[in-house]
Amino acid sequence: MENDETPGRPAPRQVRLDHRKVRVLAHPLRMRLLGALRVKGPATATTLAALLGTNTGATSYHLRQLAEVGLVVEDPDLASGRQRWWRSAHDVTNWEPTDFDDDPDARAAIEWIEGEQVRLLVEHAERWFAEQHDWSPAWRDALGMGDIFMTIPPSRLEALKADLWQLLERYRNESDPAEPDAAPVQVFLAAYPLIQEMR
């Protein structure tokens, strides 16, 4: 994945999942902890427990598991007394499904992570459907999803994904959070084969 760097804004920190990292990350609470730290910024185990509806003991344990493989780190600049502050060590997680073809356990872990991403998309969509009429017409028209059908070889699909990632990163890097009516959004990118019955 390439990055368009914007002057004054650092390039996103990236990590490529290896066999050890993927096994640790394939856990519901760990995925949510890492996501929360990436979206909300540094936090304590107590803050994360309240945010995610769990207990501090569980968040502390799973943060240490993530730290052992370098996915989160302590933030000593924010530490005060016995409070440990944690932050995500990276902004972007990369992998290819074939990275784990030689390891059945790691392959099962990445398949679980990919399934969790789909479950997250469904959850987000259902929440949006429930509250969309509380949003302005401009936002209701801007948000949502669509699809397109095409017949394409894998090399061209890879090129398309790379182009789309560059476009998404450019818009992210050029965005100004202080702009009036700006709000955080999550954009999903997915490509799947057409189901057999429709081919």
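Everything numeric here is computed off the predicted structure, so don't read it as measured data. (Residues numbered from 1 in each chain as written. Predicted model: local features only at pLDDT ≥ 70, side-chain atom pairs only at ≥ 80, totals over all residues. Heavy atoms only, no water.)

S.K.: Sorry if this is basic, but what is going on with the overall build of the protein here?
M.R.: If you tally the helices and strands in the protein, you get seven helices and five strands. Start at the N end of the protein and walk to the C end: the helices and strands fall as β-α-α-β-α-α-β-β-β-α-α-α. Reported as C-alpha extents along the three principal axes, the dimensions of the protein are approximately 60 × 50 × 40 Å. Looking at the 199 residues of the protein, the share that counts as buried comes to 25%. Across the protein, contacts joining residues at least 24 apart in sequence account for 64% of those joining residues at least 6 apart. Accessible surface computed for the protein: about 13800 Å², of which carbon and sulfur atoms make up 54%. Taking the average place of the 23 positive charges on the side chains of the protein and the average place of its 32 negative ones, the gap between the two points comes to 6 Å. (Helix = DSSP H or I, 4+ residues; strand = E, 2+ residues; numbered from the N terminus. Buried < 20%, exposed > 50% of the residue type's maximum accessible area, 1.4 Å probe, protein only. Contact = heavy atoms within 4.5 Å. Areas by Shrake-Rupley, 256 points an atom, 1.4 Å probe, with all protein chains shown as cover. Lys, Arg positive; Asp, Glu negative; His and termini not counted. Charge placed at Lys NZ, Arg CZ, Asp CG, Glu CD.)

S.K.: What exactly am I supposed to notice about the packing of helix α2 (residues 28–40) against helix α4 (residues 56–68) here?
M.R.: Contact geometry for α2 and α4: axes closest at 10 Å, N-to-C directions at 80 degrees. Relative to α4, α2 is oriented roughly perpendicular. Between α2 and α4, the residues in contact are Leu29, Arg30, Leu33, Leu34 and Leu37 and Ala58, Thr59, Tyr61, His62, Leu63, Gln65 and Leu66, respectively. Along the lines of polarity and charge, the residues of the contact of α2 with α4 split into eight nonpolar, three polar and one charged. (Axes fitted to C-alpha atoms, helices over the stretch in contact; angles between N-to-C directions. Parallel < 35°, antiparallel > 145°, perpendicular 65-115°, else oblique. Nonpolar A, V, L, I, M, F, W, Y, C, P; charged D, E, K, R; others polar.)

S.K.: Would you take a moment to explain the confidence of the model for the protein for this structure?
M.R.: Reading fine detail from the predicted coordinates is not recommended where pLDDT is low. Here the protein averages 90 in pLDDT, and 94% of its residues register 70 or above. Ignoring residues within four places in sequence, the model shows residues 1–7, a span with pLDDT below 50, making 18 contacts including any to other chains. (pLDDT = per-residue confidence, 0-100.)

S.K.: Explain the sheet that holds strand β3 (residues 72–74) here, please?
M.R.: Adjacent strands of a sheet pair through backbone hydrogen bonds, lying either parallel or antiparallel. Pairing is antiparallel across the open sheet formed by three strands, whose spatial order is β2-β4-β3. Looking at the sheet topology across the chains shown, the edges are occupied by β2 (43–44) and β3. As judged from the two bridges shared by β2 and strand β4 (residues 85–88), these two strands associate in the antiparallel manner. Each bridged residue has a counterpart across the sheet, and for alanine 43 the counterpart in β4 is tryptophan 86. Here α2 sits on the sheet and contacts β2, β3 and β4; the angle it forms with β4, its principal contact strand, is near 90 degrees. (Pairing = 2+ DSSP bridges.)

S.K.: I keep staring at the side chain of threonine 59 and nothing clicks. Help me out?
M.R.: Examined against the element boundaries, threonine 59 turns out to sit in helix α4. For threonine 59, a relative accessible area of 0% corresponds to the buried category. Beyond its immediate chain neighbours, meaning those up to four positions away, threonine 59 contacts Leu33, Ala45, Leu48, Ala49 and Thr54.

S.K.: Looking at this model, I keep getting lost on a nonpolar patch on the surface. Mind explaining?
M.R.: Residues Leu164, Trp165, Leu167, Tyr171 and Leu189 make up a contiguous nonpolar surface patch of about 440 Å² in total accessible area. On the secondary structure map, tyrosine 171 appears in helix α7 (residues 154–174). (Patch = residues over 30% accessible without salt bridge, like charges linked within 9 Å, V, L, I, M, F, W, Y side chains within 5 Å. Salt bridge = Lys/Arg side-chain N within 4 Å of Asp/Glu carboxyl O.)

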